[in-house]
Protein chains: 2
Amino acid sequence: MTPKSEQRRRELCDAAIELLAADGARGLTHLRVDRRAGFADGTTSFYYQTRAALLRGAMDRVIELDVADFTAALDATGNGEVDSLLSTLATQAMRTAVEPERSRAQARFELMMIASRDRQLGKGFDGLMDRFVALGEAAVAQVQPAGTSDPELIKEQAFAVVTFLGGFLFRLAYGLTDLDSAKSLEKYLHSVIAGVAADHQVTGNSSIP
Amino acid sequence: MTPKSEQRRRELCDAAIELLAADGARGLTHLRVDRRAGFADGTTSFYYQTRAALLRGAMDRVIELDVADFTAALDATGNGEVDSLLSTLATQAMRTAVEPERSRAQARFELMMIASRDRQLGKGFDGLMDRFVALGEAAVAQVQPAGTSDPELIKEQAFAVVTFLGGFLFRLAYGLTDLDSAKSLEKYLHSVIAGVAADHQVTGNSSIP
């Protein structure tokens, strides 16, 4: 692919994401993408010949942007720019309340619902969710008490964090604004992590079935 | 409405829910509802003249079934049939992995995405979510340590439970099966509640800003 055609594909996919967010899967057509992106009629059909290809393009673009966020989060923490991965995750999650992140989140949920019925698309999201879980594990590992590291516990905590964040992101994409700051969200994430640790310990130590 | 027309509307809405689950919003047309429900072509258009009316009917039916579940959960706990509201919530949530609850959950998420762009539909879901939060508060209130009751804490715990459960239900609707039993889910809910309580107390007692 030439740089120009790569750039064009990116713009078409960004327009597709905006349409998915604004009107759902029903609002996504090749012609509407042409017009939204400001290209001649037929451009989208040239680059993405089928609806499946267009959906795949939009999904790949969402995933590319998500992975860029994940990488930025890891880098910022690695550089010591921010306190913790958890606080970066909270800050990134709160951005879902505003554009363009809100549209991306809405498009992501639309595409995930399509992917739940389409294994080809599903594979893309499976990979994204594996990365999200890995990021959750890295964030959780950072906040373990000094000298402790129980891989089983970290898995449980990461599952809880990822599930809670998924629910929170859906609420933001839907339009609810429950929390006023990333600090509040980070506090909830800490609570979830601490609560799982406390119960894990209780169960681990208990001899009563 | 005659009982017969009420029954017919219910069957049409159930067919609409199945179509939303199977094919998304794009798969929902009046004619496809007729055929899915086994009625003569034109029946759905007779009862629901517009697409907006059909979507509203499907949403009302999802909410009716959800509220019936909420009521059953409250009744079962009131009767002493089950240990706690939290365990009933966990059991009900796990049923989302199987039909017909999975289709209802998929249709609910499809309709919520539409509702995020359509305030008329949105009002219906706002009411449902208020009831869900109230149910969460009732479940959380039951598990407070004896003699304690902090309304602010209960609100925070209910928010955390509802957000976690929302994320978990989305994962089930998407097709992920992370947990093997309602007991496991209930344990996570307990952890979330306990973690929020622990952090709430820390903040409450701390004199350090």
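The rules we used
Residues numbered from 1 in each chain as written. Chains lettered and ligands numbered in written order. Predicted model: local features only at pLDDT ≥ 70, side-chain atom pairs only at ≥ 80, totals over all residues. Heavy atoms only, no water. Helix = DSSP H or I, 4+ residues; strand = E, 2+ residues; numbered from the N terminus. Contact = heavy atoms within 4.5 Å. Areas by Shrake-Rupley, 256 points an atom, 1.4 Å probe, with all protein chains shown as cover. Lys, Arg positive; Asp, Glu negative; His and termini not counted. Charge placed at Lys NZ, Arg CZ, Asp CG, Glu CD. Least-squares fit on C-alpha atoms with pLDDT ≥ 70 in both. Core = buried A, V, L, I, M, F, W, Y, C linked by side-chain atoms within 4.5 Å. Buried < 20%, exposed > 50% of the residue type's maximum accessible area, 1.4 Å probe, protein only. 1 Å grid on protein atoms, 1.4 Å probe; cavity = no way out; pocket = protein on both sides within 12 Å on 5 of 7 lines; lining within 4 Å. Points joined across faces, edges and corners; volume = space filled by probe spheres on them. Nonpolar A, V, L, I, M, F, W, Y, C, P; charged D, E, K, R; others polar. Phe/Tyr/Trp six-rings, centres within 6.5 Å; stacked < 30°, edge-to-face > 60°. Lys NZ or Arg CZ within 6 Å of the ring centre and 35° of its normal. UniProt positions renumbered as here; feature names shortened; annotations may be inferred.

Attention now goes to the overall build of chain A. Across its full length, chain A holds nine helices and zero strands. The linear arrangement of helices and strands in chain A, starting from the amino end, is α-α-α-α-α-α-α-α-α. In terms of overall dimensions, chain A has a C-alpha envelope of 65 × 40 × 35 Å along the principal axes. Pairs at least 24 apart in sequence give 65% of the contacts found in chain A among residues at least 6 apart. Carbon and sulfur atoms make up 54% of the accessible area of chain A, which amounts to about 9700 Å² in all. Computed over 23 positive and 28 negative side-chain charges, the inter-centroid distance for chain A is 8 Å.

Once that is clear, we can look at the relation of the copies chain B and chain A. With an RMSD of 0.0 Å, the fit of chain B onto chain A corresponds to turning through 180° and sliding 0.0 Å along the axis. Such a combination of turn and shift is consistent with a two-fold rotation axis. The residues that chain B uses at the interface reappear at the interface of chain A in 98% of cases, marking a shared surface.

Let us look at the environment of Phe 109 of chain A. Assignment of secondary structure puts Phe 109 of chain A in helix α6 (residues 101-115). Between the C-alpha atom of Phe 109 of chain A and that of Lys 187 of chain A, which follows or precedes it by 78 residues, the distance is 25 Å. Ignoring sequence-local partners within four residues, the contact set of Phe 109 of chain A consists of Gly 166, Leu 169, Phe 170 and Ala 173 of chain A together with Met 113 and Phe 170 of chain B.

Membership of the largest hydrophobic core comes to 130 residues, with the highest contact counts inside it found for Leu 111, Phe 164 and Leu 185 of chain A together with Leu 111, Phe 164 and Leu 185 of chain B. Sequence-distant contacts of Phe 164 of chain B, that is, excluding residues within four places in its chain, are made with Phe 159, Ala 160, Thr 163 and Phe 164 of chain A together with Leu 185, Tyr 188, Leu 189 and Val 192 of chain B.

Below, the discussion takes up the layout of surface pockets. A volume near 330 Å³ is recorded for the largest pocket. Along its surface, the largest pocket is lined by 17 residues, and Val 133, Lys 155 and Phe 159 of chain A together with Arg 171 and Asp 178 of chain B are the ones closest to its centre. Elements with a minimum of two residues in the lining of the largest pocket: α7 (119-142) and α8 (151-174) of chain A together with α9 (182-205) of chain B. For the lining of the largest pocket, the class distribution of residues is seven nonpolar, one polar and nine charged.

Attention now goes to the packing of aromatic side chains. How two aromatic rings sit relative to each other is set out by the distance from centre to centre and by the angle between their planes. Tallying each qualifying case throughout the model produces 15 aromatic pairs over all chains. When the centroid spacing of 5.1 Å and the interplanar angle of 90° are considered together, the rings of Phe 46 of chain B and Tyr 47 of chain B count as edge-to-face. Taking relative accessible area as the criterion, Phe 46 of chain B reaches 59% and is therefore assigned exposed. On the numbers, 5.7 Å between centres and 10° between planes, the contact of Phe 70 of chain B with Phe 132 of chain B is stacked. Taken together, the residues span a long stretch of sequence, with Phe 70 of chain B in helix α4 (residues 51-78) and Phe 132 of chain B in helix α7 (residues 119-142) at a distance of 62 residues. By the burial criterion, Phe 70 of chain B is buried, and Phe 132 of chain B matches it. Through a chain of ring-to-ring contacts, the aromatic side chains of Phe 109 and Phe 170 of chain A together with Phe 109 and Phe 170 of chain B assemble into a single cluster. Taking the ring centre of Tyr 48 of chain A as reference, the NZ or CZ of Arg 9 of chain A above it sits at 5.1 Å.

UniProt annotation of "domain: HTH tetR-type" (unreviewed entry) refers to residues 6-66 of chain A when read in the numbering used here. The span residues 6-66 of chain A shows a helical share of 77% and a strand share of 0%, and its end C-alpha atoms are spaced 19 Å apart.

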